[in-house]
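Coordinates in review
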Amino acid sequence: MKKKLDFLFAGVGGQGTILASNIVSDVGMRCGYDVKKSEVHGMSQRGGAVESHVRWAQKVYSPLIEEGGADFLLAFEMLEAARWPHYLAPGSVALVNNHRVMPPSVNLGREQYPEEKEIESVLTAAGGRVLWVEGAAKANELGNQALAGVVLLGVLSTRLEEPAETWLQAVQDLVPAKFKELNVKAFLAGRELATK
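So, here's what we can say about the structure.

One finds Phe-7, Trp-56, Leu-153, Leu-156 and Trp-167 to be the most contacted residues of the largest nonpolar core, which totals 36 residues. In this structure, Ala-70, Leu-73, Leu-88 and Val-130 belong to the second largest nonpolar core, which totals 18 residues.

See below:
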């Protein structure tokens, strides 16, 4: 068991950010870690920012990740990825869903949405390695945009030692029964994307 693993999730309302953090929390507990979780919904029901911290360790004393301490950033939206570089630890990995949700300031023409290379530059300057994930595209192929987060989890699972079966069990236990099959497909699709 590694000493600790800290995961930061960032997205906007309706993207499944909280569900994904619940699944990662569940996997950690199944694998014998002490797990703590914290979340901030903001104006999530209106498409606002959502963040969640999940920490695994032999003993976790706080649910909040310290700045510079996140081993993984899972960004469900590109601009949300660019908001969190100060949390990345040296050698961390940022899994970024290659998907844009335009904020009102961009829609109103007051600001421009940053390019991928700008977002990647901000994250790598903070010590993170960026992996772009076609989570939204894969979710659309499966017929439901909300599956993008589970696609990201599939990619994440390939970067950790915990067995795929443990992840699959957590997915199946935490999603509504009528969506189990789709979520399993999304998770496996993420694992497949990670090998390409």
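For Lys-3, the location among the structural elements is in the segment before strand E1 (4–12). Residue contacts for Lys-3: discarding those within four places in its chain leaves Trp-56, Ala-57 and Gln-58.

So, about the side chain of Asn-183. Take Asn-183: it is sitting in helix H8 (residues 180–194). On the basis of relative accessible area, Asn-183 is assigned to the buried category, the value being 5%. Once you skip the residues sitting within four places of it in the chain, Asn-183 turns out to touch Leu-147, Val-150, Val-171 and Val-175.

This brings us to the environment of Val-130. Within the fold, Val-130 resides in strand E6 (residues 128–133). Along the primary structure Val-130 and Ser-52 are separated by 78 residues, whereas in three dimensions their C-alpha atoms are 19 Å apart. Those residues in contact with Val-130 that lie beyond four places of it in its chain are Ala-94, Val-96, Glu-120, Leu-123 and Thr-124.

At a minimum axis distance of 9 Å, the contact between helix H7 (residues 164–174) and H8 shows a crossing angle of 150 degrees. Considering only the axes of H7 and H8, their crossing is right-handed. Between H7 and H8, the contacting residues are Ala-164, Trp-167, Leu-168, Val-171 and Gln-172 on the first element and Lys-180, Asn-183, Val-184, Phe-187, Leu-188 and Arg-191 on the second. Within the contact of H7 with H8, the residues separate by chemical class into 7 nonpolar, 2 polar and 2 charged.

Rules of the game
Residues numbered from 1 in each chain as written. Predicted model: local features only at pLDDT ≥ 70, side-chain atom pairs only at ≥ 80, totals over all residues. Heavy atoms only, no water. Core = buried A, V, L, I, M, F, W, Y, C linked by side-chain atoms within 4.5 Å. Buried < 20%, exposed > 50% of the residue type's maximum accessible area, 1.4 Å probe, protein only. Helix = DSSP H or I, 4+ residues; strand = E, 2+ residues; numbered from the N terminus. Contact = heavy atoms within 4.5 Å. Axes fitted to C-alpha atoms, helices over the stretch in contact; angles between N-to-C directions. Left-handed = near helix turned anticlockwise from the far one by under 90°. Nonpolar A, V, L, I, M, F, W, Y, C, P; charged D, E, K, R; others polar.

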